[in-house]
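# Fold and geometry: a report
Below, each chain spelled out in residue letters.
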Amino acid sequence: APFKVDILSREKQRLTNTIRNNGYFVFSNDNVQFVVDTVPKAIFSDLFDPFASLENSIDLSKENANPSLNITVQILNPTDSTRYQQYWLRRVYVYPDYTAYSTPTDSVFTESRYQDIIIRSRRHNIKPSVLRGAIRMYPGQKYSQANYDYTIQRLNALGVWKFVNIEMDTVQGVPDSLDCYIFLTPARKQELGANLEATSSSDYIVGGALNLTYRNK
């Protein structure tokens, strides 16, 4: 296939994702390098014989219609020793009604547990089972970029929050562990109304006999 720079870019991203999906949280595509060799080795078969070099050049000229490249993948030595550290998740914290004025340790939050996640909220408006079902981050598992991306996409797809933000924090004194903080900010303008459609977001809201829809605008 013809050489294209974007092929290398895609391959670099694929390699980075594969490595990050196996726990290497700090690893980035800056750590992957390609060395492209465009000079045929035959040119240097005998540097001290000009006739041999000339002969090689003539033979190689016949192949110029379909030249080939030798590409070597290199993983660079890290300047930071943590860059190639493998990480596991220790705890998963979820803030379903976080605001721009909040802090993770704010005293207004009450803490509860559902299965293996810790929920910190002001009001218990969202069903814990909905949160757990949308979050593909589990204590004890290796960090995975794919699970991180899936969690953001799934929470956004619920249509309940204006902002979905996930932060990973290293654990002091435990060099191979991460705590996961999921901050969910509701939209400023919210409309709560009656709706009989089974697909309404009332499936996510706690309480009430009516089938309520919760729409963010």
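Summarised in this report is the structure supplied together with it. (Residues numbered from 1 in each chain as written. Predicted model: local features only at pLDDT ≥ 70, side-chain atom pairs only at ≥ 80, totals over all residues. Heavy atoms only, no water.)

### A word on the overall build of the protein
- Summing up its helical and strand segments, the protein has 4 helices and 9 strands in all.
- Listing every helix and strand of the protein by position from the N terminus yields α-β-α-β-β-β-β-α-α-β-β-β-β.
- For the protein, buried positions account for 34% of its 217 residues.
- Across the protein, every contact between residues at least 6 apart in sequence was considered, and the portion connecting residues at least 24 apart equals 58%.
- Carbon together with sulfur atoms contributes 53% to the accessible area of the protein, which is approximately 13700 Å² in total. (Helix = DSSP H or I, 4+ residues; strand = E, 2+ residues; numbered from the N terminus. Buried < 20%, exposed > 50% of the residue type's maximum accessible area, 1.4 Å probe, protein only. Contact = heavy atoms within 4.5 Å. Areas by Shrake-Rupley, 256 points an atom, 1.4 Å probe, with all protein chains shown as cover.)

### A short note on the environment of W161
- Mapped onto the secondary structure, W161 falls in strand β6 (residues 161-171).
- Taking relative accessible area as the criterion, W161 reaches 6% and is therefore assigned buried.
- Remark: the alpha-carbon pair of W161 and Y98, spanning 63 residues in sequence, is separated by 9.7 Å.
- One polar contact links the side chain of W161 to the main-chain carbonyl oxygen of P96, over a distance of 2.8 Å. (Polar contact = N/O pair within 3.5 Å; in protein donor to acceptor, adjacent residues only side chain to side chain.)

### A word on the side chain of Q145
- Tracing the sequence through the fold places Q145 in helix α4 (residues 145-157).
- Among all residues touching Q145, those that are not within four sequence positions of it are R20 and N21.

### Examining the sheet that holds strand β5 (residues 117-121)
- Spatially, 5 strands are ordered β4-β5-β3-β7-β6 in an open sheet, and the strand pairing comes out mixed. Each edge of the sheet is formed by a strand with only one pairing partner; in this case those strands are β4 (110-114) and β6. Each strand of the sheet is rotated relative to its neighbour by a mean of 20°, with strand direction disregarded.
- Pairing between strand β3 (residues 88-95) and β5: 2 bridges, direction parallel. Counted as the bridge partner of Y93 is I118 from β5.
- Here α4 sits on the sheet and contacts β6 and β7 (174-186); the angle it forms with β6, its principal contact strand, is near 155°. (Pairing = 2+ DSSP bridges. Axes fitted to C-alpha atoms, helices over the stretch in contact; angles between N-to-C directions.)

### Remarks on the pairing of β7
- Where burial is concerned, most of β7 is hidden: 10 out of the 13 residues are buried.
- Bridge count for β3 against β7 is 7 bridges, and the pairing is parallel. Across the sheet, residue L89 finds its bridge partner in β7, namely L178.
- In sequence, β6 turns back onto β7 through a hairpin of 2 residues, with G173 there showing a positive phi of about 85°.

### Observations regarding α4
- In this model α4 runs 18 Å from its N-terminal to its C-terminal C-alpha over 13 residues, within 8% of the 18 Å that 1.5 Å per residue would give.
- Residues Q145, N147, Y148, T151 and L155 constitute the buried set of α4.
- Residues of α4 that are buried make contact with α1 (5-20), α3 (128-134), β6 and β7.
- The N-terminus of α4 is capped by S144, whose side-chain oxygen sits 3.3 Å from the backbone nitrogen of A146.
- With its phi angle positive at about 75°, G159 sits one or two positions after the end of α4. (Expected span 1.5 Å × (residues − 1).)

### What to know about the packing of aromatic side chains
- By the definition in use, this model includes 11 aromatic pairs.
- With a centroid separation of 5.2 Å and 75° between ring planes, the pair formed by Y95 and F109 is classed as edge-to-face. You can see Y95 sitting in strand β3 and its partner F109 sitting in the loop between β3 and β4, a full 14 residues away along the chain.
- Judged by its relative accessible area of 10%, F109 is buried.
- Counting every residue linked through ring pairs, the aromatic cluster contains Y93, Y95, Y98, F109, Y181 and F183. (Phe/Tyr/Trp six-rings, centres within 6.5 Å; stacked < 30°, edge-to-face > 60°.)

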